[in-house]
Amino acid sequence: MNIEDIISAIQNHRVRITDHADEEAESDDLSFDEIFYSVSNGEIIEQYPSDKPYPSCLIYGQTFSGDPVHSVWAYNEKTKWSVLITVYRPDPEQWINFRKRRDK
């Protein structure tokens, strides 16, 4: 999976948003425009190829104002649809430069 596939799905309105992602976006005061923007200017920082029913990945990006955002996306290679699984504002105490998990 690559980020271009997810960006293309977003641009072509082939996105499903889970209820969990919707709730998390609301609780972190993130709009979907901001989330989609963070992906279009973001990078994949972790891959989860064995996730079911589709492989997924963690994307780090930034909001319009430069705040960090993490979002987890699954991608269906066959239908070219993406699924936003969850989204959150990462805790700097748990991440190094918001890209690498700190040791526990």
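Residues numbered from 1 in each chain as written. Predicted model: local features only at pLDDT ≥ 70, side-chain atom pairs only at ≥ 80, totals over all residues. Heavy atoms only, no water.

What about the sheet that holds strand E3 (residues 56-62)?
At step 1: One open sheet holds the five strands; their spatial order is E1-E5-E4-E3-E2, and the pairing between them is mixed. The open sheet is flanked by strand E1 (15-17) and strand E2 (43-48), the only strands paired with a single partner. The sheet shows a mean angle of 30° between the axes of neighbouring strands, direction not considered.
At step 2: As paired elements, strand E4 (residues 68-76) and strand E5 (residues 81-88) share seven bridges and run antiparallel to each other. If you follow tyrosine 75 over to E5, its bridge partner there is serine 82.
At step 3: Seen against the sheet, helix H1 (residues 3-11) touches E1, E2, E3, E4 and E5 and runs at an angle of roughly 85° to E4.
At step 4: Those strands touched by helix H2 (residues 19-27) are E1 and E5, and its axis lies near 40° from that of E5. (Pairing = 2+ DSSP bridges. Helix = DSSP H or I, 4+ residues; strand = E, 2+ residues; numbered from the N terminus. Axes fitted to C-alpha atoms, helices over the stretch in contact; angles between N-to-C directions. Contact = heavy atoms within 4.5 Å.)

Remarks on the environment of aspartate 91
At step 1: Here aspartate 91 is to be found in the loop between E5 and strand E6 (95-96).
At step 2: When the C-alpha atoms of aspartate 91 and valine 69 are compared, they prove to be 9.9 Å apart, with 22 residues separating the residues in sequence.

Describing the packing of H1 against helix H3 (residues 32-40)
At step 1: Interaxial distance between H1 and H3 falls to 9 Å at its minimum, and their mutual angle equals 145°. In terms of crossing hand, the pair formed by H1 and H3 is left-handed. Two secondary-structure elements touch here, H1 through Ile3, Ile6, Ile7 and Ile10 and H3 through Phe36, Val39 and Ser40. (Left-handed = near helix turned anticlockwise from the far one by under 90°.)

Things to note about H3
At step 1: All of the buried residues in H3 are Glu34, Ile35, Ser38 and Val39. Burial along H3 is one-sided: seen end-on, the buried residues are contained in an arc of 140°.
At step 2: In the core, the buried residues of H3 are packed alongside H1, H2, E3, E4 and E5. (Buried < 20%, exposed > 50% of the residue type's maximum accessible area, 1.4 Å probe, protein only. Arc of directions from axis to C-beta.)

Some remarks on the pattern of salt bridges
Where charged atoms from two side chains of opposite charge approach closely, those side chains can pair.
At step 1: A complete count under the given rule lists four salt bridges for this structure.
At step 2: Between aspartate 67 and arginine 89 there is a salt bridge, with the nearest N and O atoms lying 3.6 Å from each other. On the criterion of sequence distance, the pair formed by aspartate 67 in the loop between E3 and E4 and arginine 89 in the loop between E5 and E6 is long-range, its members being 22 residues apart.
At step 3: Given a relative accessible area of 33%, aspartate 67 falls into the partly exposed group. (Salt bridge = Lys/Arg side-chain N within 4 Å of Asp/Glu carboxyl O.)

Notes on the side chain of threonine 18
At step 1: With respect to the helices and strands, threonine 18 occurs in the loop between E1 and H2.
At step 2: Overall, threonine 18 belongs to the buried group, its relative accessible area being 14%.
At step 3: Polar contacts involving the side chain of threonine 18 include one to the main-chain carbonyl oxygen of isoleucine 85, which spans 2.9 Å.
At step 4: Excluding residues within four positions of it along the chain, threonine 18 makes contact with Val83, Leu84 and Ile85. (Polar contact = N/O pair within 3.5 Å; in protein donor to acceptor, adjacent residues only side chain to side chain.)

These figures come from the coordinates and say nothing about function on their own.
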